[in-house]
Amino acid sequence: MTANNNAGFNTRAVHAGQAFEPRTGAVVPPLHFSTTYAQDGIGNLRSGYEYGRGGNPTRDALQEQLAALEGGSAAFSFGSGLAAEDSLIRALARPGDHIVLGNDAYGGTYRLINRVLGDWGIGNTPVDMSDLDAVAAAVRANKTRIVWVETPSNPMMKITDIEALAAVAHDAGALLVVDNTFASPYLQTPLALGADVVVHSTTKYIGGHSDVVGGALVVKDAELAEKIGFIQFAVGAVSGPMDAFLTTRGLKTLGVRMDRHSENGQAVAEWLLQRPEVEAVLYPGLPDHPGHDLAAKQMKKFGGMVSVQFKGGEAAARSVAENTTVFTLAESLGGIESLMNYPSEMTHASVKGTELAVPVNLLRLSCGIEEAADLIADLEQAFAKIG
Ligand SMILES: *Cc1c(COP(=O)(O)O)cnc(C)c1O
């Protein structure tokens, strides 16, 4: 079948863009590697396909699936999350324009905006996105074209009110971009809350198996879709067919994985909260998290990402990071296997010494889909080794 957009999330995840192959009936659409397509007379294309950068059926299948899951009219798949971000900003901003972004934005996003696009005349102001008055002031202080938010944010797990932030951006004539990598469309659909563009590093929960790097943009508005489509084609940072195929395969099971990631995240966060070594647990599923009520309103569940700060400072955080065996010490997140990250030296090393720097006593846990009891036992034995 092909899913209509009123079908439930998991039905759309399995079926959107995934119609069986008409010639053979193959249930899984074939992976198309061809870079070019035969023409029946000059310019007479069989089904719109001409050249692989402009269009590829495997990439289209992923794009259709992504649009259906985020509630967009169009989606665009790129070679990485940062390639998607770069193309988006080229599509929307010109020299002299300004971007207001979260002061705990993903380090690579800040590096792209500040150190690459800054040289092309695009300014930026980092601000605490959970403080809407501060955001409004920052937006008005410049010719702001884009307001850029991650919620939950990485790795501080701050929650921002997407609907309210969209109003702030739109009042000033700016667009709201939401990096939905941490929540994934199963837990949160920003376009339905007024956002203009959703960004993903599909490398994380969407791919879900730590075996493919990719990025995506999803929009509702046709004019925006046309601008982004032009840049995707003209700049060419598209995902390859094999990458698109793997990402589609991952995306089909997103809902069942996110249910499990969320259960494990909650169990690990509640265990951490009881521990004397812990100074703070940053997880929106905990009732005393400052964004708990808002997260409960705009998210379906709270996800698998948990940050924790240690009373024993940097030494305790480093010791735990280096002594787990089920959690693997590695960058990235969102895969079925649990990962442990020390952001200030790993994922967020690029913002060390800036106002976006991450506390040195903080670890970020990506809770996988293993048994929660095994994750907790692993943390327990690592905690016992804190010097
Ligand atoms: C990883 C990540 C990115 C960048 O994506 P890549 O696929 O690594 O280029 C952007 N935003 C967030 C929140 C991320 O976690």
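Residues numbered from 1 in each chain as written. Predicted model: local features only at pLDDT ≥ 70, side-chain atom pairs only at ≥ 80, totals over all residues. Heavy atoms only, no water.

**Details of the site of the ligand**
Okay, so step 1: Surveying the vicinity of the ligand reveals 14 residues, the closest of which are Leu82, Asp179, Ser201, Thr203 and Lys204.
Okay, so step 2: Leu82 places a polar main-chain atom, nitrogen or oxygen, 2.9 Å from an oxygen atom of the ligand.
Okay, so step 3: Between the ligand and Lys204 there is a distance of 2.7 Å, counted from an oxygen atom to a side-chain nitrogen or oxygen.
Okay, so step 4: Its free accessible area being 380 Å², the ligand has 91% of it covered by the protein chains.
Okay, so step 5: When residues of the shell around the ligand are assigned to their parent elements, the largest contribution, three residues, is made by helix α3 (residues 81-92).
Okay, so step 6: Of the residues contributing to the shell around the ligand, the split by class is three nonpolar, seven polar and four charged. (Near = heavy atom within 4 Å. Polar contact = N/O pair within 3.5 Å; in protein donor to acceptor, adjacent residues only side chain to side chain. Areas by Shrake-Rupley, 256 points an atom, 1.4 Å probe, with all protein chains shown as cover. Helix = DSSP H or I, 4+ residues; strand = E, 2+ residues; numbered from the N terminus. Nonpolar A, V, L, I, M, F, W, Y, C, P; charged D, E, K, R; others polar.)

**Observations regarding the domain arrangement of the protein chain**
Okay, so step 1: Assigned domains within the protein chain: domain 1 (9-251) and domain 2 (255-383).
Okay, so step 2: The interface of domain 1 with domain 2 comprises 38 residues on the first partner and 40 residues on the second.
Okay, so step 3: Summing both sides of the interface, domain 1 and domain 2 together bury roughly 3200 Å²; the carbon and sulfur share of this comes to 62%.
Okay, so step 4: On the domain 1 side of the interface with domain 2, the three residues burying the most area are Tyr186, Leu187 and Tyr205, jointly 24% of the side's total.
Okay, so step 5: Where domain 1 packs against domain 2, one counts zero salt bridges.
Okay, so step 6: Inspection of the region where domain 1 meets domain 2 yields 13 residue pairs in polar contact (both at pLDDT 80 or more). (Domains from an automatic or database assignment. Contact = heavy atoms within 4.5 Å. Buried area = accessible area lost by both parts, 1.4 Å probe. Salt bridge = Lys/Arg side-chain N within 4 Å of Asp/Glu carboxyl O.)

**Details of the sheet that holds strand β11 (residues 339-341)**
Okay, so step 1: Spatially, β8-β9-β12-β11-β10 is the arrangement adopted by the five strands of the open sheet, whose pairing is mixed. The open sheet has two edge strands with one neighbour each: β8 (278-282) and β10 (328-329).
Okay, so step 2: By the bridge criterion, three bridges tie β11 to strand β12 (residues 362-366) in an arrangement that is antiparallel. Bridging from a neighbouring strand, Asn341 pairs with Arg364 of β12. (Pairing = 2+ DSSP bridges.)

**Considering helix α6 (residues 162-171)**
Okay, so step 1: For α6, the set of buried residues is Ile162, Leu165, Ala166, Val168 and Ala169. Viewed end-on, α6 has its buried residues packed into an arc of 160°, placing them on one side of the element.
Okay, so step 2: Sitting at the amino-terminal end of α6 is Asp161, which places a side-chain oxygen 3.2 Å from the backbone nitrogen of Glu163.
Okay, so step 3: One or two positions beyond α6, positive phi appears at Gly173, with a value near 75°. (Buried < 20%, exposed > 50% of the residue type's maximum accessible area, 1.4 Å probe, protein only. Arc of directions from axis to C-beta.)

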